[in-house]
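Structure assessment
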Amino acid sequence: MLEGLYAGALADASRRLETTPLKVVERLALDAAPALDALAALAPADNIKILAEVKRASPSRGSLAEIADPAELAETYATNGASAISVLTEERKFLGSLEDLAAVRKRVSVPLLRKDFIATEHQILEARAAGADLILLIVAGISESDLNRLMKFTQELGMTPFIETHSAEELKIAAGLGSKLVGVNARDLSTFETDRNLFSKLVDLFPSDAIKVAESAVRNASDVSHYRQSGADVVLVGEALVTNNPAEMLKSFLAAGKS
């Protein structure tokens, strides 16, 4: 599954290069307004931080929500306490786009994550051109040398790399590369099965100075409370927000995530 997602994302990126050459993308990225400080926005605090996701669909659940206006949803997130917003830009299984990201950037002033299957500098430049402040890099999807190279490239553009892990071995790789923003995804992207206790099993392996993010398997406020009690600084959540009243859900999550 993961290999297929990367193959599709790279094929779509190659198609976009046919209409927007790399030199043009690079110029747009360098001309964009400076990236926001995502580490400051997501820094540990007395209350858990919410990284709220604009997510229409997933490979495991299919269609979740139509989201005709992603910018409107993002504004709802931002005005109801989200510290940052994740925008799915993968086109095939998640039904997102870079246009969604650009539209959200015009509407909100919190840091934005491009969530996609990133394996090239071109994709990072695309993200910066569309207004992203963070880039998702998945340890399971790329080699350690590629991860290191793409992390440095992201930082050179003023953005923050967000390193996603799913095992003790992957967390050790993230720590070895000096990652400052690290997540544990409860969903295994190879099988799409979830383990709600995975974060608590791995929390002691996070780099001591990294922001700890719990990803996936958030259904309700009690899940947020569980992650907070397990040591999470940030919770990334999409499905529970887009399939319910996002404003009310965010309020309940923030109330449940107090220390």
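Going by the structure above, here's the rest.
Here is what the cut-offs are and how they apply
Residues numbered from 1 in each chain as written. Predicted model: local features only at pLDDT ≥ 70, side-chain atom pairs only at ≥ 80, totals over all residues. Heavy atoms only, no water. Pairing = 2+ DSSP bridges. Helix = DSSP H or I, 4+ residues; strand = E, 2+ residues; numbered from the N terminus. Axes fitted to C-alpha atoms, helices over the stretch in contact; angles between N-to-C directions. Contact = heavy atoms within 4.5 Å. Phe/Tyr/Trp six-rings, centres within 6.5 Å; stacked < 30°, edge-to-face > 60°. Buried < 20%, exposed > 50% of the residue type's maximum accessible area, 1.4 Å probe, protein only. Core = buried A, V, L, I, M, F, W, Y, C linked by side-chain atoms within 4.5 Å.

Regarding the sheet that holds strand 5 (residues 112-115)
- One closed barrel holds the 8 strands; their spatial order is 1-4-5-6-7-8-9-10, and the pairing between them is parallel. Taking the axes of each pair of neighbouring strands and ignoring which way they run, one obtains an average angle of 25 degrees across the sheet.
- Judged from the 5 bridges that link them, strand 6 (residues 134-138) and strand 7 (residues 160-165) form a sheet pairing that is parallel. Looking at strand 7, one finds that Leu 136 is bridged to Phe 162.
- Lying on the sheet, helix 5 (residues 98-107) is in contact with strand 4 (84-88) and strand 5; it crosses strand 5 at an angle near 175 degrees.

Some words on the packing of aromatic side chains
- All chains considered together, the criterion is met by 4 aromatic pairs.
- Aromatic pair Tyr 6 and Phe 117: ring centres 5.5 Å apart, planes at 75 degrees, arrangement edge-to-face. Here Phe 117 lies in the loop between strand 5 and helix 6 (121-129) and Tyr 6 lies in helix 1 (residues 2-19), a separation of 111 residues in the sequence.
- Assessed through its relative accessible area of 7%, Tyr 6 is described here as buried.
- Residue class for Phe 117 comes out buried when judged on its relative accessible area of 5%.

Some details on the nonpolar core
- By size, the foremost hydrophobic cluster in this structure holds 90 residues, and its most contacted members are Ile 50, Tyr 77, Ile 85, Phe 117, Leu 147, Tyr 227 and Phe 253.
- The element contributing the most residues to this core is strand 6, with 5 residues.
- With near-sequence residues (within four places) excluded, Phe 117 lies in contact with Leu 2, Leu 5, Tyr 6, Ala 9, Glu 90, Phe 94, Gln 123, Ile 138 and Leu 189.

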